[in-house]
Amino acid sequence: MLPDFPHLKTKLSKFLDARMKSIHNRATPFSRASAVCIQEGNCTKMIRADGTEETIEMKHHHTEVRISDEELETLSSEEIQRKFDEAAREMANQMTQTCFESLNKAISEVGNAVRYTGMPTVEDIFRMYETIDIDFDECGKPELPTLMCGRKMMEHLQALHTQIESDPETNKRFANLMIRKKEEWRDREASRRLVG
């Protein structure tokens, strides 16, 4: 009979779990979003700020790491670790896909989708900011949303933001939009405190 090393297995399991979580968090753009642990059930209910409710079915994500007895004899610790890293990235990809599907569905249902043909323009940027809620930090600075796109699109969007900042009239228009968004944010915060 082969000896068992429960303490070593527990230590290794904790190490691999922490490493997988770390890789998962780096591999998904949603890692900074707040998370809630749901202990049981197969659905949850979301209550929006406007009072509407939606039941959300849980979606199952999974991945496996298979290492045969033969592989175990020949694989290095780095190769085994790489298998777990790939599993963590696969899990992150599945969860990211689900998040994007949920976002697209919610945005389409409430009519907040901003559509354009070709590359977006400054006007498209303004329309996008008009349709969303923007929060502000304790210093009164807007917390603009994180944009997720490819490198070419990101370069184009950065150029548009530079254009907004450098053109005095467009910059003033953007400042006025942020003033209006700040008033909306204050109203949301005030009603949240009144309800709470």
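Starting from 1, residues in each chain are numbered consecutively following that chain's sequence as written. Reporting of local features is limited, given that this is a predicted model, to residues whose pLDDT is at least 70; pairs of side-chain atoms are given and counted only at 80 or more, and all residues count toward the totals for whole chains, interfaces and linings. With hydrogens and water stripped out, all remaining heavy atoms of the structure feed into the side-chain values.

> Please explain the packing of aromatic side chains as it appears in this structure.
The geometry of an aromatic ring pair is captured by the separation of the ring centres together with the interplanar angle, meaning the angle of the planes. Each Phe, Tyr or Trp ring (for Trp, its six-membered ring) is paired with any other whose centre lies within 6.5 Å, and the angle between the two planes then decides the class: stacked below 30 degrees, edge-to-face above 60, tilted in between. What the rule picks out here adds up to three aromatic pairs. Between Y129 and F174, the ring centres sit 5.8 Å apart and the planes meet at 65°, which makes this aromatic pair edge-to-face. Of this pair, Y129 sits in helix α4 (residues 122-131) while F174 sits in helix α6 (residues 168-195), and the two are 45 residues apart along the sequence. By the burial criterion, Y129 is buried, and F174 matches it. On the basis of an interplanar angle of 50° and a centroid distance of 5.7 Å, the ring pair of F136 and W185 is categorised as tilted. Highlighted residues: F136 in strand β3 (residues 135-136) and W185 in helix α6, separated in sequence by 49 residues. Runs of E in the DSSP output that reach at least two residues are strands. Runs of H or I that reach at least four are helices, and both are numbered from the N terminus. Three exposure classes are used, based on accessible area relative to the maximum for each residue type with a 1.4 Å probe and protein chains only: buried under 20%, partly exposed in between, and exposed over 50%.

> Before we go on, may I ask you to explain the packing of helix α1 (residues 6-27) against helix α3 (residues 77-110) in this structure?
Two measures define how a pair of helices packs: the angle their axes make with one another and the distance between the axes. Following both chains from N to C, one finds α1 and α3 inclined at 45°, their axes separated by 8 Å at the closest point. Looking at the two axes, α1 sits oblique to α3. Read as a crossing pair, α1 and α3 show a hand that is right-handed. Across the interface between the two elements, F15, L16, R19, M20, I23, H24 and A27 of α1 pack against Q81, F84, D85, A87, A88, R89, M91, A92 and M95 of α3. As a working rule, the residues Ala, Val, Leu, Ile, Met, Phe, Trp, Tyr, Cys and Pro are called nonpolar, Asp, Glu, Lys and Arg charged, and the rest polar, with Gly in that last group. Looking at side-chain class alone, the contact of α1 with α3 contains eleven nonpolar, two polar and three charged residues. Lines fitted to the C-alpha atoms define the axes, with helices restricted to the stretch that makes contact. Angles between their N-to-C directions range from 0 to 180 degrees. Oblique is the label for every angle not falling under 35 degrees (roughly parallel), over 145 degrees (roughly antiparallel), or within 65 to 115 degrees (roughly perpendicular). Take the far helix as your reference; a near helix turned counterclockwise from it by less than a right angle gives a left-handed crossing, and one turned clockwise gives a right-handed crossing. Contact definition: two residues touch when any of their heavy atoms are within 4.5 Å.

> What's the story with α3 in this structure? I'm lost.
Since there are 3.6 residues in each turn of an α-helix, residues three or four apart along the chain are aligned in direction. In this model, α3 (34 residues) spans 50 Å end to end at C-alpha, consistent with the 50 Å of a helix rising 1.5 Å per residue. What α3 keeps buried is the set F84, D85, A87, A88, M91, A92, Q94, T96 and T98. Here the buried face of α3 lies against α1. G111 sits one or two positions beyond α3 and adopts a positive phi of about 80°. The length a helix should cover is 1.5 Å for every residue beyond the first.

> It is not clear to me how the nonpolar core should be interpreted in this structure. Could you clarify?
Most often, soluble globular proteins keep nonpolar side chains buried together rather than apart. We call a set of buried residues a nonpolar core when its members are Ala, Val, Leu, Ile, Met, Phe, Trp, Tyr or Cys and they connect through side-chain atoms within 4.5 Å of each other. In this structure, I125, F126, Y129, I164 and F174 are the most contacted members of the largest nonpolar core, which totals 13 residues. For this core, the elements supplying multiple residues, two or more each, are α4, α5 (151-166) and α6. Beyond its immediate stretch of four places on either side in the chain, F174 contacts F126, Y129, L144 and I164.

> When you look at the packing of α4 against α5 in this model, what are you seeing that I'm missing?
Two numbers describe how α4 lies on α5: the axes approach to 10 Å, and their chain directions differ by 90°. It follows from the interaxial angle that α4 and α5 lie roughly perpendicular. Of the residues in α5, those in contact with V122, I125, F126 and Y129 of α4 are L157, L160, H161, Q163 and I164. Taken together, the residues of the contact of α4 with α5 sort by class into seven nonpolar, two polar and no charged.

> I would appreciate a short explanation of a nonpolar patch on the surface in the present structure.
Patch membership needs two things, relative accessible area over 30% and no salt bridge, and members are linked within 9 Å if like-charged or within 5 Å if nonpolar (Val, Leu, Ile, Met, Phe, Trp, Tyr). Per-residue accessibility takes into account occlusion by the displayed protein chains alone, with areas from the Shrake-Rupley method and a 1.4 Å probe. Salt bridge, as used here: a side-chain nitrogen of Lys or Arg that lies within 4 Å of a carboxyl oxygen of Asp or Glu. Together, F100, L103, I107 and M148 make up an exposed nonpolar region whose accessible area comes to about 300 Å². Considering the arrangement of structural elements, one finds M148 in the loop between β4 (142-143) and α5. The class of M148 is partly exposed, set by a relative accessible area of 39%.

> Where do I start with the pattern of salt bridges in this structure?
Between side chains of opposite charge, a pair can form as their charged atoms come close. Across all of its chains, the model carries 15 salt bridges by this definition. A salt bridge links K105 to E54; its shortest N-O distance comes to 3.5 Å. Pair noted here: K105 is in helix α3 and E54 is in strand β2 (residues 53-57), with a separation of 51 residues, a long-range link. Given a relative accessible area of 46%, K105 falls into the partly exposed group. Its salt-bridge partner being K83, residue E71 comes within 3.6 Å of it at the nearest N-O pair. Of this pair, E71 sits in helix α2 (residues 69-74) while K83 sits in helix α3, placing them twelve residues apart in sequence. Note on E71: relative accessible area 27%, which makes it partly exposed. Overlapping salt bridges bring together E54, K105 and E109 as one network.

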